[in-house]
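# Coordinate analysis (summary)
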Amino acid sequence: MFGVWAPGEEVSRLTYFGLYALQHRGQEAAGIATSDGEKILVYKDTGLVSQVFDDQALSSLTGHIAVGHTRYATQGGRAWQNAQPTLGPTATGTVALAHNGNLTNTRELMRLVHDRTGEDLSADLGKGSSTDTSVITHLIGTEPPSDGGLRDAAMAVLPRLRGAFSLSFMSETTLYAARDPQGIRPLVLGRLDSGWAVASETAALDIVGATFVREVNPGELLMIDEDGVRSERFAEANPKGCIFEYVYLARPDTTIAGRPVNASRTEMGRVLAREHPVDADLVIPTPESGTPAAIGYAQASGIPFGQGLVKNAYVGRTFIQPTQTIRQLGIRLKLNPMREVIAGKRLVVVDDSIVRGNTQRALVRMLREAGAKEVHVRISSPPVQWPCFYGIDFATRAELIANGMSVEEIRESLNADSLGYISLDGMVEATAIDSDRLCTACFSGTYPVPHEIPELTEVSR
Ligand code: SF4
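Please read all numbers here as calculations on a predicted model, not as lab measurements.

### A look at the site of the ligand
Around the ligand, the neighbouring residues are I184, R185, C242, I243, F244, C388, Y390, I392, C439, A441 and C442. Elements supplying a minimum of two residues to the shell around the ligand: α9 (243-249) and α17 (441-444). Looking at the shell around the ligand residue by residue, the class counts come to 10 nonpolar, no polar and one charged.

### Digging into the sheet that holds strand β22 (residues 418-421)
Read from one edge of the open sheet, four strands run β17-β20-β21-β22, paired in parallel fashion. Strands with a single pairing partner mark the edges of an open sheet, and in this sheet they are β17 (282-285) and β22. For this sheet, the mean inter-axis angle between neighbouring strands, taken without regard to orientation, is 20°. Sitting on the sheet, helix α10 (residues 261-275) touches β20 (346-351), β21 (374-379) and β22, and the angle it makes with β22 is about 125°. Against the sheet, helix α14 (residues 358-369) makes contact with β17, β20 and β21, and its axis sits at roughly 150° relative to β21, the strand it touches most.

### Some details on a nonpolar patch on the surface
Where nonpolar side chains cluster on the molecular surface, the patch consists of F17, Y20 and I207 and spans about 300 Å² of accessible area. By the element assignment, F17 lies in helix α1 (residues 11-21). Owing to a relative accessible area of 44%, F17 belongs among the partly exposed residues under this scheme.

### Details of the pattern of salt bridges
One pass over the structure, following the stated rule, counts 20 salt bridges. With a closest N to O distance of 2.8 Å, E245 and R25 form a salt bridge. In this pair, E245 sits in helix α9 while R25 sits in the loop between α1 and β2 (29-35), placing the two residues 220 residues apart along the sequence. Two residues, D36 and K39, come together in a salt bridge whose shortest N-O distance is 3.2 Å. The exposure class assigned to D36 is partly exposed, which follows from its relative accessible area of 32%. By sharing partners, the salt bridges in this structure join R25, R185, E201 and E245 into a single network.

### Quick look at the side chain of H99
Its place among the elements puts H99 in strand β6 (residues 93-103). At 3.0 Å, the side chain of H99 forms a polar contact with the side chain of T133. For H99, the side chain forms a polar contact with the main-chain oxygen of A164, separated by 3.1 Å. Excluding anything up to four places from it in sequence, H99 contacts M1, H69, Q84, D132, T133, I136, A164, F165, S166 and L167.

### Considering the packing of α10 against helix α11 (residues 291-301)
Close contact between α10 and α11 brings their axes to 6 Å; oriented N to C, the two are set at 45°. Classed by the angle they form, the pair α10 and α11 counts as oblique. For the element pair α10 and α11, the recorded crossing hand is right-handed. Of the residues in α11, those in contact with N262, R265, T266, G269, R270, L272 and A273 of α10 are P292, A293, G296, Y297, Q299, A300 and S301. Taken together, the residues that form the contact of α10 with α11 break down as six nonpolar, six polar and two charged.

Reading guide: rules and limits
- Residues numbered from 1 in each chain as written.
- Predicted model: local features only at pLDDT ≥ 70, side-chain atom pairs only at ≥ 80, totals over all residues.
- Heavy atoms only, no water.
- Near = heavy atom within 4 Å.
- Helix = DSSP H or I, 4+ residues; strand = E, 2+ residues; numbered from the N terminus.
- Nonpolar A, V, L, I, M, F, W, Y, C, P; charged D, E, K, R; others polar.
- Pairing = 2+ DSSP bridges.
- Axes fitted to C-alpha atoms, helices over the stretch in contact; angles between N-to-C directions.
- Contact = heavy atoms within 4.5 Å.
- Patch = residues over 30% accessible without salt bridge, like charges linked within 9 Å, V, L, I, M, F, W, Y side chains within 5 Å.
- Areas by Shrake-Rupley, 256 points an atom, 1.4 Å probe, with all protein chains shown as cover.
- Salt bridge = Lys/Arg side-chain N within 4 Å of Asp/Glu carboxyl O.
- Buried < 20%, exposed > 50% of the residue type's maximum accessible area, 1.4 Å probe, protein only.
- Polar contact = N/O pair within 3.5 Å; in protein donor to acceptor, adjacent residues only side chain to side chain.
- Parallel < 35°, antiparallel > 145°, perpendicular 65-115°, else oblique.
- Left-handed = near helix turned anticlockwise from the far one by under 90°.

Have a look at this one:
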């Protein structure tokens, strides 16, 4: 998610580059809305940022305010209609809204929309053409008119939302940014020469030449226009940042809550080496997200680090690809072993996580076929045992390899010589963030915000 308020700048192009830097957060659809102070235009489609926008499309998006989004589906289908920003009428104009995260009280909010308008949004959800994001847009749109315009509507709606929501939205005249009281997903404010930018990650600010100012605080609403940046609080902050951002999701060159992601990942590798040492010849990463942890493992263990796998950078992240068939194909397409580096070696292969186990199983097979003598798998996060309701599509518990299988059974299923996961305490320690300011639910089962489908987390072992 990326937003910009900058008179005199080509805001659609700034947003395009901001989204380009955030492509890893969603690869199914992309969109940009702009406003010239009087009317809002939106252009969006399914596909990567570079596929959705060409020069002509960007040139047609004129104005000095923009909101952009890249999507991967956690609620609603992958239909074009679900691409963001969503656009909707309000009592005082129009709202264009982009959302990173996942609400946990969507049904309750849909009932509220139904009470207000008679519209049944859950019917659309069943057809795969509605999302929690469109529910927010509907709620804002059904707030009564007031002098404060979109600001008043937002201050009425935001306290009703539960779960993870980092939002960037705009009226014809003002850019807004808001973050849920837990601050589960990141959101930052940056300064441009001629204005302001908000982005999901600090790396996107770097790429457009914006200077990091600060994080949008949990429970805070920012309003940005010619009067500068104004801040209001809609809820008490109770920070529970997603630890998986540090493990896998965020770019390594991003900083969250003051802690560089790359430093956390390298430290996770060092901790892993202390917790699960092994006699081996070479440490190799599963590129790219396993690389910092593999460097840390090599540093702490004294085993040389090497690149044993080449990644095709143009193939999407495997667990983000939504269907099983595409995921399977993706694994074969994206990694190729370097025989001369690994043949005859006892390898430590460091990866950031095991979700379904498909990647690692294919990987161990490939490495053995390429001549590896031993393959020891080391994982810089604990077993993923519970689903995420806050915007990461781990799918159901049944699909998680660590659900109902011991570490030894997983090792056997991967055909690895040994398998070691970092401990929960070790992973938390590596982030250098207080454990009570983090969400670790997919590893620990402790959910910081209640969700609507408790049967999905009932322990079935
Ligand atoms: S459940 Fe896991 S992935 Fe989801 S927000 Fe919490 S730590 Fe992040």
